[in-house]
Amino acid sequence: MPAMLRFALGVPAAAGIAILLFIGMRGLIAIGAIPVEEPEVREKVDIFQKPPPDIKEPVRTEPEFVSPPPAPKRFETETKVTPTAPEHKVAGIVPAFSLTIEGGETGPIHIDQNPQPIVRIPPSYPPRASQAGKEGHCDLVFDVGLNGAPMNIRAACTDAVFAKSAERAVEGWKYNPGVRDGAPVVMRGVQTRILFDLDG
């Protein structure tokens, strides 16, 4: 469509829209003014004003002195006497004790001690042996280190199926280390037996 034709058609359409807007605006203006209510006039109140003369101000009175309450009565408590056992006189002679050490030297007495078990966890029953109804035992030989842990564990079992379970159980045991001449030492060749009993 040529530009002149578009212009010729667009001008009357724009003029018609402008006239419609003009008529609409004139109709809105013709409604007239909407009356507005006058705001209510409130009386100003002074919060610091003195009360009217007919209201009397309260008279302040000095507080009365009240003596403190008397102290609570003290109750006497009975002291219980714990009965003591009757004295028994023991008659006897304490035997004389003498200790002779070669060379005439005295010193601390050292007591040797073998490893003492502190923690002994029972082994778990091997599932294959349990299913087959096998029972038996393992003789174990091991060393106990300075920290009380078993090491170098060797197991001789009635059935090889028990060996792994017995060795794992002993690995978790804990001992007080052996003592020689008052000092902890590694104890070698400690022996024990572990029983594998289905009823136990």
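Remember, it's a predicted structure, so these values are computed and weren't measured experimentally. (Residues numbered from 1 in each chain as written. Predicted model: local features only at pLDDT ≥ 70, side-chain atom pairs only at ≥ 80, totals over all residues. Heavy atoms only, no water.)

Enquirer: Quick one: what's the story with the overall build of the protein, residue by residue and with numbers?
Expert: Within the protein, the regular secondary structure consists of three helices and seven strands. Walking the protein from its N terminus toward its C terminus, one meets helices and strands in the order α-β-α-β-β-α-β-β-β-β. Counting the 200 residues in the protein, one finds 15% classified as buried. Across the protein, the fraction of contacts at a sequence separation of at least 24, relative to all contacts at a separation of at least 6, is 73%. Of the accessible surface of the protein, which amounts to about 18,700 Å², a share of 59% is contributed by carbon and sulfur atoms. (Helix = DSSP H or I, 4+ residues; strand = E, 2+ residues; numbered from the N terminus. Buried < 20%, exposed > 50% of the residue type's maximum accessible area, 1.4 Å probe, protein only. Contact = heavy atoms within 4.5 Å. Areas by Shrake-Rupley, 256 points an atom, 1.4 Å probe, with all protein chains shown as cover.)

Enquirer: Tell me what's going on with the sheet that holds strand E2 (residues 136–144), and back it up with residues and numbers.
Expert: Pairing is antiparallel across the open sheet formed by three strands, whose spatial order is E3-E2-E7. Edge strands, defined here as strands with exactly one partner in the open sheet, are strand E3 (150–157) and strand E7 (187–196). In this sheet, adjacent strand axes meet at a mean angle of 20° when their direction is disregarded. Both E2 and E7 contribute to a ladder of eight bridges, which runs antiparallel. Bridge pairing links histidine 137 to leucine 195 in E7. Lying over the sheet, helix H3 (residues 163–171) contacts E2, E3 and E7, oriented at roughly 155° with respect to E3. (Pairing = 2+ DSSP bridges. Axes fitted to C-alpha atoms, helices over the stretch in contact; angles between N-to-C directions.)

Enquirer: For helix H1 (residues 3–29), give the residues involved together with the corresponding values.
Expert: Each full turn of the α-helix corresponds to 3.6 residues, which orients residues three or four apart in the same direction. For H1, spanning 27 residues, the distance from its first C-alpha to its last is 39 Å, which sits close to the expected 39 Å at 1.5 Å a residue. Among the 27 residues in H1, zero count as buried, and that is only a small part of the element. (Expected span 1.5 Å × (residues − 1).)

Enquirer: Which residues make up the pairing of E3, and what are the values?
Expert: Bridging between E2 and E3 involves six bridges; their strand directions are antiparallel. Residue pairing across strands places valine 141 opposite arginine 154, the latter belonging to E3. Linking two consecutive strands that pair antiparallel, namely E2 and E3, is a turn of five residues; a positive phi of about 85° is found at glycine 148 within it.

Enquirer: Kindly report on the nonpolar core, identifying the contributing residues and their values.
Expert: With 17 residues, the main nonpolar core has Leu140, Phe142, Val170 and Ile194 as its most contacted residues. Of all the secondary-structure elements, those providing two or more residues to this core are E2, H3 and E7. The contact partners of phenylalanine 142, leaving out residues within four places of it in the chain, are Pro150, Met151, Asn152, Ile153, Arg154, Val170, Tyr175, Met187, Arg188, Gly189, Val190 and Thr192. (Core = buried A, V, L, I, M, F, W, Y, C linked by side-chain atoms within 4.5 Å.)

Enquirer: Can you lay out H3 for me, pointing to particular residues and giving the numbers?
Expert: The set of residues buried in H3 consists of Ala163, Ser165, Ala166, Ala169 and Val170. If you follow the buried residues of H3, they end up packed against E2, E3 and E7.

Enquirer: Could you give an account of the packing of aromatic side chains, with specific residues and numbers?
Expert: Applying the stated criterion to the full structure yields five aromatic pairs. Residues tyrosine 125 and phenylalanine 162 carry aromatic rings whose centres are separated by 6.0 Å and whose planes lie at 85° to one another, so their mutual orientation is edge-to-face. With a gap of 37 residues between them, tyrosine 125 in the loop between strand E1 (116–119) and helix H2 (127–132) and phenylalanine 162 in the loop between E3 and H3 connect regions that are remote in the sequence. Using a relative accessible area of 0% as the deciding quantity, one classes phenylalanine 162 as buried. Judged by centre distance (4.5 Å) and plane angle (20°), the rings of phenylalanine 162 and phenylalanine 196 are stacked. Taken together, the positions of phenylalanine 162 in the loop between E3 and H3 and phenylalanine 196 in strand E7 put the pair 34 residues apart, joining distant regions of the chain. The class for phenylalanine 196 is buried, based on a relative accessible area of 2%. (Phe/Tyr/Trp six-rings, centres within 6.5 Å; stacked < 30°, edge-to-face > 60°.)

Enquirer: Can you tell me about the state of the cysteines, naming the residues and giving the values?
Expert: A full pass over the atoms with the stated rule returns one disulfide. Two residues share a disulfide in this structure: cysteine 138 and cysteine 157, whose sulfurs sit 2.0 Å from each other. Measuring the twist about the S-S bond at about 110°, one finds the cysteine 138-cysteine 157 disulfide to be right-handed. Placement of the pair is cysteine 138 in strand E2 and cysteine 157 in strand E3, with a sequence separation of 19 residues. For cysteine 157, a relative accessible area of 24% gives the class partly exposed. (Disulfide = S-S within 2.5 Å.)

As far as function goes, none of this settles anything; it's purely spatial.
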